[in-house]
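Descriptive structure summary
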Amino acid sequence: MTETTSHSQRSGTGKPRRRRKFSALTALIWIAGIIVYLFLISPILVIILSAFSPTEYPTFPPSSFSVRWFTAVFQNSDWWEALRVSLILLAIVTPLTVLLGTAAAYGLGRLKFRGREAIQSLMLSPLMIPQVVLGIALLYEFTSLGIINSLTGLVIGHMVVAFPYVVRVVSVSVIGLDPKLESASMSLGAGRWSTFRRVTLPLIKPGMIAGTVFSIVESFGEVSVSLFVSSPGNITIPVRIFSYIDQTFDPSVNAISVMFIAFAVIALIIIDKTVGLTKVM
Amino acid sequence: MLLLSRRKGCRVVARNTVVRRTLSFYWLMLSPALLFLLAFLVVPFIMLIVLSFREVDSLLNVLPSYSLKNYTEIFTSASYLTTIRSTLGVAALTTVIVIIAAYPAAYLLVRTGSKGLRTFFYILLISPLLTSVVIRTFAWIVIMAQNGLLNEALLKLHLIDKPLSLLWSMKAVVIAYVQVMLPFAVLPIATSMGEIQPKLRQASMSLGAGRIRTFFKVTFPLTLPGLLSGAAIVFSLAAGSYITPLLVGGRLQPLLPLSIYQQAVQVFNMPFAAALSMTLLVLVAIVVGLISWISKRWEARLHD
Amino acid sequence: MSGIHIDDVSRQFGDFTALEEVQLQVREGEFFSLLGPSGCGKTTLLNLIAGFLDPTRGRIMIGGKDVTGLPPYRRGLGIVFQDYALFPHLSVFDNVAYGLRIRKQPKKEIKRRVEEMLALVQLSSMADRRPHQLSGGQRQRVAIARALAIEPSVLLLDEPLSNLDAKLRKAMQTELRTIQRRTGVTTVLVTHDQEEALSLSDRIGILGHGRLQQVGTPLEVYRRPANRFVADFIGQVNLIQTAVAAERSTGRNRHAAIDYEIAAGVPLLLETTGSAEGSGLYMIRPERIKIALTAGNSGEANRAPGVISHVGYAGDQVRLHVQLAGKGELQVVASDPLFPVLPSAGDRCELYWDAEDVIALPPEGV
């Protein structure tokens, strides 16, 4: 784009042929790009379309508008029970993971030692390890410990999965925090903890908020590890969705999904307002 | 008195107390996480490795003896070799498609002049990451089912006579994978693309290279680090996920994660599931290690 | 009682010795500068005084009290950091009040003290602003007010003016000195800027290669540098390496003629007070050499004809390189009004100087 402008400025009205060739290629790239973005968003659009469709399978264009699947969700006690479990989990997992992850990101960000990279890789490894392997490893350990089928096992599983997200997001804030500010605080008489509370925490707060959001999103949508370590008494919403899809085709899943998507949009807005979308990934 | 004793105390304190105090504070912050990961990431993996060498009796009870039997079975059985091959194949195919699709998407993200449009693209990119895997997968079922949205649209447009069977195939798995993994490739490629100075491309074009040649001679080599780090993530995710292939591909697809899931949850042969897990883990580690080795070599070349 | 005594302090980082056997006494109420090129160990020394580092050997006393091993928050020093390190999440008022709140002082007292400090640095109207809403100079003054609010025994300044543009730096230098005089706080300024150190300080300590090279008043370190490093680092200098050829006495001074031919058969003369002779290293400042474009000035003992080889015009002064008729080349700095017409390369000239301006330096490698 820039080249085109400067070129046309220099040569005035001359050589329009060259310009047209440039824009044709640019247009092609834009079309390809837009197709990719459409492809990315299409499942979400389809879900929203289906949730408000009166028929079991959505039609295009939609024939009419209906909220019957939402009503179906609200009348089904299974969903309410799953929501209860999911919320209890969130209430336990989120604060623990954020605390653990923030402290770890801060400690690691300030320490320089041999093997630092290895510890960092270990911390982020749950993002890369095949989730089926993670699930089996935890299933086996929890069975040996006797905490399989308990809420404790589910809490630990969710923490392992959400932890790297918190570490990654908070690390961005820690890297952006000038250690001189902590030195300044200490020179003014504040001890280690006092400095952490009065200077460090307020300044890495955006990262912690984003970390909280990521932890909630991960934990609320987690299914791969949960499937291994949860019991019939502890079924979360995503696990419930999984068994519904696996066994039957229930369109009320669409309605649940729309609620999830609304939830994700709120999460996006919070992340954008706190650390900025472009910084977290 | 008090002052005196405090002074004395200071003198006794060993050298480098200041630094040591600082370091111990940071270690104090780090250690709970280290303990947690040790207990629930390192230990379970060690247990899994040990388990993979155990044998089972005919009732699938774990015996106290150790052997390589599980691994010999995996690497001598034709069906498991096929499974390994198709697991790597699907992951590789997904990675290649994702990378190709990622370039125009990254280009739009970097080159769009409007800030609002860029934010919009970002939202589109990140939103798949924020919706649960079961929901994304469910959407693909709705789209690709026999009486699903895609077939219905194609029928209405008279492009096909009878519904295509898209679901329950590797094709469906790859399509669903590509959608969810695109962001992991677009974001790093966009980052390295954004770091290229426009002057470099202008210089290339002023030297007579066309735009396509400029892409392959300047843009592509400089975005290779971003491409490779994206490829590593995409490959490991595509080789290791089991929810998506289970729901859109079906239980019988020859994929390692599915075999592991079946052995653990349906057959209850834990040692064999553990051996399959280790096989998968090592294969993924080899490919990811190879990719990061290439990446390091390339970066070293760039900065020489 | 708030002087600083640095007693035989060394600091090592692994195999690297950043500071070696530093012995230094900063007097109470003094404005002291630590001057040196980057990597000379001055920041390490500041960190040692502040308590961000511990010495490998030796001890540090502040106000007669041994503070070695005490953490920074128990030393009661005021520090102004290079990039100010103002807390971005706090207002100007809260920044200045920070140390007082840590000390749990009563609200009323905090308010009084902060207002007093802001008045001192002329920022009373900015109390509610955030650091990012301030200019560089204003941030600098907030940092000073914050450091002084806790009534520190010592004020440490770490390159405080290096981020300001040249004009603002001059203004802040004057202001720093005024504030220091008014409060009377013992001040240690770390800087690599010799002009800053010379114009602000009561005394200067020059650090090089991890050692304290010289401590003295600005006049002393400039006019009587203790060694080659100091002579070379501060100001411009002509260094002459040679051997003593002859000595003679004139009145109360002893003159040594050294073997540096400024013209055929004419040795360079210098005044010595004794000890340094025979060392073979001498210096003369370029601005101490007088230049005449016409021959015939009389009465000067040291006179050398030469040819101008380079002329650099810098506005207020003219820098010249003069090739001597004997051997060697000397740099000369002359003030602008001296020349009605600027000389050009190739012009003949005559240089002359007072013998006492040639200073003997101790031999190398000490």
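Residues numbered from 1 in each chain as written. Chains lettered and ligands numbered in written order. Predicted model: local features only at pLDDT ≥ 70, side-chain atom pairs only at ≥ 80, totals over all residues. Heavy atoms only, no water.

A few words on the overall build of chain C. Check the secondary structure of chain C and you find 8 helices and 21 strands. Of all 366 residues assigned to chain C, the portion counted as buried reaches 53%. Put simply, chain C shows about 16100 Å² of open surface, and 49% of that area lies on carbon and sulfur atoms. (Helix = DSSP H or I, 4+ residues; strand = E, 2+ residues; numbered from the N terminus. Buried < 20%, exposed > 50% of the residue type's maximum accessible area, 1.4 Å probe, protein only. Areas by Shrake-Rupley, 256 points an atom, 1.4 Å probe, with all protein chains shown as cover.)

Further remarks concern the overall build of chain B. If you tally the helices and strands in chain B, you get 13 helices and 2 strands. The C-alpha radius of gyration of chain B comes to 26 Å, more than 25% above the 19 Å expected for a compact globule of 304 residues. On the principal axes, the C-alpha backbone points of chain B span a range of 100 × 75 × 35 Å. Partitioning the intrachain contacts of chain B with sequence separation of at least 6 by distance along the chain shows that 65% fall at a separation of at least 24. If you sum the accessible surface of chain B, you get close to 14400 Å²; carbon and sulfur atoms cover 70% of it. The distance from the centre of the 26 positive side-chain charges to the centre of the 8 negative ones in chain B is 20 Å. (Rg over C-alpha atoms; globule rule 2.2 N^0.38 Å. Contact = heavy atoms within 4.5 Å. Lys, Arg positive; Asp, Glu negative; His and termini not counted. Charge placed at Lys NZ, Arg CZ, Asp CG, Glu CD.)

What follows concerns the pattern of salt bridges. Residues and elements named next belong to chain C. Across all of its chains, the model carries 23 salt bridges over all chains by this definition. Between R101 and D94 there is a salt bridge whose closest N-O contact spans 2.9 Å. Of the charged contacts in the structure, one is a salt bridge between E151 and R113, with a shortest N-O distance of 3.9 Å. Placement of the pair is E151 in the loop between helix 4 (136–149) and strand 7 (154–158) and R113 in helix 3 (residues 107–120), with a sequence separation of 38 residues. Exposure remark for E151: the relative accessible area of 57% places this residue in the exposed category. On the basis of relative accessible area, R113 is assigned to the buried category, the value being 8%. (Salt bridge = Lys/Arg side-chain N within 4 Å of Asp/Glu carboxyl O.)

The next point concerns the interface of chain A and chain B. The accessible area lost on association of the parts is a frequent measure of interface size. Taken together, the contact pairs 90 residues of chain A with 93 residues of chain B. Where chain A abuts chain B, roughly 8400 Å² becomes buried across the two surfaces, and 82% of that area is made up of carbon and sulfur atoms. One can count 1 salt bridge joining chain A with chain B. The shortest N-O distance in the salt bridge between D246 of chain A and R251 of chain B comes to 2.2 Å. At the boundary of chain A with chain B, the tally comes to 5 residue pairs in polar contact (both at pLDDT 80 or more). The biggest single contributor to the side of chain A that touches chain B is helix 2 (residues 16–51) of chain A, with 20 residues. (Buried area = accessible area lost by both parts, 1.4 Å probe. Polar contact = N/O pair within 3.5 Å; in protein donor to acceptor, adjacent residues only side chain to side chain.)

So, about the environment of I129 of chain A. Counting through the fold element by element, I129 of chain A comes out in the loop between helix 5 (116–124) and helix 6 (131–145). Taking the relative accessible area as the measure of exposure, I129 of chain A reaches 14% and is therefore buried. Those residues within four positions of I129 of chain A in sequence are excluded, and the remaining contacts are L134 of chain A together with L41, F45 and L281 of chain B.

What follows concerns the nonpolar core. Among the nonpolar cores identified, the biggest contains 219 residues, and M123 and I241 of chain A are the most heavily contacted of them. For this core, the element with the most residues is helix 8 (residues 170–195) of chain B, which contributes 16 residues. For I241 of chain A, the contacting residues outside a window of four places in its chain are W79, V253, I256 and F260 of chain A together with V134 and I135 of chain B. Formed by 36 residues, the second largest nonpolar core is a distinct cluster that contains F31, V92, V96 and V114 of chain C. (Core = buried A, V, L, I, M, F, W, Y, C linked by side-chain atoms within 4.5 Å.)

A separate point is the domain arrangement of chain C. Residues and elements named next belong to chain C. When its domains are assigned, chain C resolves into domain 1 (4–233) and domain 2 (238–361). Contacts between domain 1 and domain 2 engage 9 residues on the former and 10 residues on the latter. For the pair domain 1 and domain 2, the summed buried area comes to about 820 Å², and 51% of that belongs to carbon and sulfur atoms. Among the residues of domain 1 in contact with domain 2, Y222, R224 and R228 are the three that bury the most area, contributing 56% of the side total. Here domain 1 is connected to domain 2 by 0 salt bridges. Inspection of the domain 1/domain 2 interface yields 3 residue pairs in polar contact (both at pLDDT 80 or more). Going through the elements one at a time, helix 7 (218–223) and helix 8 (228–233) are the ones with two or more residues in the side of domain 1 that touches domain 2. (Domains from an automatic or database assignment.)

Listed per partner, the contact involves 21 residues of chain C and 19 residues of chain A. Note on chain C versus chain A: buried area summed over both sides is about 1700 Å², and carbon and sulfur give 69% of it. Where chain C packs against chain A, one counts 1 salt bridge. Close ionic contact of K180 of chain A with D83 of chain C constitutes a salt bridge, the shortest N to O distance being 3.8 Å. Inspection of the region where chain C meets chain A yields 4 residue pairs in polar contact (both at pLDDT 80 or more). Sorting the residues of the side of chain C that touches chain A by element identifies helix 2 (92–102) and helix 4 of chain C as the ones contributing at least two each. Broken down by element, the residue count for the side of chain C that touches chain A peaks at 4 residues, all from helix 2 of chain C. A per-class count over the side of chain C that touches chain A returns 14 nonpolar, 3 polar and 4 charged. (Nonpolar A, V, L, I, M, F, W, Y, C, P; charged D, E, K, R; others polar.)

Right, let's talk about the sheet that holds strand 3 (residues 31–35) of chain C for a bit. Residue and element names in this part refer to chain C. The strand order across the open sheet built from 6 strands is 6-7-8-3-9-10, with neighbouring strands paired in mixed fashion. At either margin of the open sheet sits one strand with a lone partner, and together these are strand 6 (78–80) and strand 10 (211–216). The average angle at which neighbouring strand axes cross in this sheet is 15°, direction not considered. Where strand 9 (residues 203–208) lies against strand 10, 5 bridges are found, and the strand directions are antiparallel. Its bridge partner being in strand 10, I204 is matched across the sheet by G216. The strands touched by helix 1 (residues 42–50) are strand 3, strand 6, strand 7, strand 8 (186–191) and strand 9; relative to strand 7, the strand with the most contacts, the crossing angle is about 150°. (Pairing = 2+ DSSP bridges. Axes fitted to C-alpha atoms, helices over the stretch in contact; angles between N-to-C directions.)

Residues and elements named next belong to chain B. Between helix 9 (residues 198–206) and helix 10 (residues 211–240), the least distance of the axes is 9 Å, while the angle of their chain directions is 145°. Note on packing geometry: the crossing formed by helix 9 with helix 10 is right-handed. Two secondary-structure elements touch here, helix 9 through L200, R201, S204 and M205 and helix 10 through R211, T214, V218, T219 and L222. (Left-handed = near helix turned anticlockwise from the far one by under 90°.)

All names here are of chain C. The strand order 2-1-4-5 describes an open sheet built from 4 strands, whose pairing is antiparallel. Two strands in the sheet have a free side with no partner beyond their single neighbour: strand 2 (16–26) and strand 5 (65–66). Here helix 1 sits on the sheet in contact with strand 1 (4–13), strand 2 and strand 4 (57–62), set at roughly 120° to strand 1.

Attention now moves to the packing of helix 9 (residues 192–221) of chain A against helix 2 of chain C. Between helix 9 of chain A and helix 2 of chain C, whose axes approach to 13 Å, the crossing angle comes to 150°. If you check the angle between helix 9 of chain A and helix 2 of chain C, you find them roughly antiparallel. Classified by chirality, the crossing of helix 2 of chain C by helix 9 of chain A is right-handed. For the pair helix 9 of chain A and helix 2 of chain C, the contacting residues are S194, T195, R198 and V199 of chain A in the first and Y98, R101 and I102 of chain C in the second. For the contact of helix 9 of chain A with helix 2 of chain C, a count of residues per class yields 3 nonpolar, 2 polar and 2 charged. (Parallel < 35°, antiparallel > 145°, perpendicular 65-115°, else oblique.)

Here we come to the confidence of the model for chain B. Residues and elements named next belong to chain B. On average, residues of chain B carry a pLDDT of 85, and 93% of them reach 70 or more. Within chain B, the element-level pLDDT minimum falls on helix 1 (residues 2–12), averaging 36, and the maximum on helix 4 (residues 78–111), averaging 94. Scored below 50 in pLDDT, residues 1–15 shows 18 contacts in the model against residues more than four places distant or in partner chains. (pLDDT = per-residue confidence, 0-100.)

Moving on: the packing of aromatic side chains. Per the counting criterion, the structure on display carries 33 aromatic pairs over all chains. Considering the side-chain rings of Y37 of chain A and F121 of chain B, the 4.4 Å spacing of their centres and the 15° angle between planes classify their relative orientation as stacked. In this pair, Y37 of chain A sits in helix 2 while F121 of chain B sits in helix 5 (residues 115–130), so the two residues belong to two different chains. Between W79 of chain A and Y244 of chain A, the aromatic rings sit 5.0 Å apart at their centres with planes inclined by 45°, giving tilted as the arrangement. Of this pair, W79 of chain A sits in helix 4 (residues 77–110) while Y244 of chain A sits in helix 11 (residues 237–247); the two residues are 165 residues apart in sequence, bridging distant segments of the chain. Take W79 of chain A and Y244 of chain A: they sit in the same class, and that class is buried. Among the aromatic residues, those joined into a ring-pair cluster are Y106, W193 and F196 of chain A together with F25 and Y26 of chain B. (Phe/Tyr/Trp six-rings, centres within 6.5 Å; stacked < 30°, edge-to-face > 60°.)

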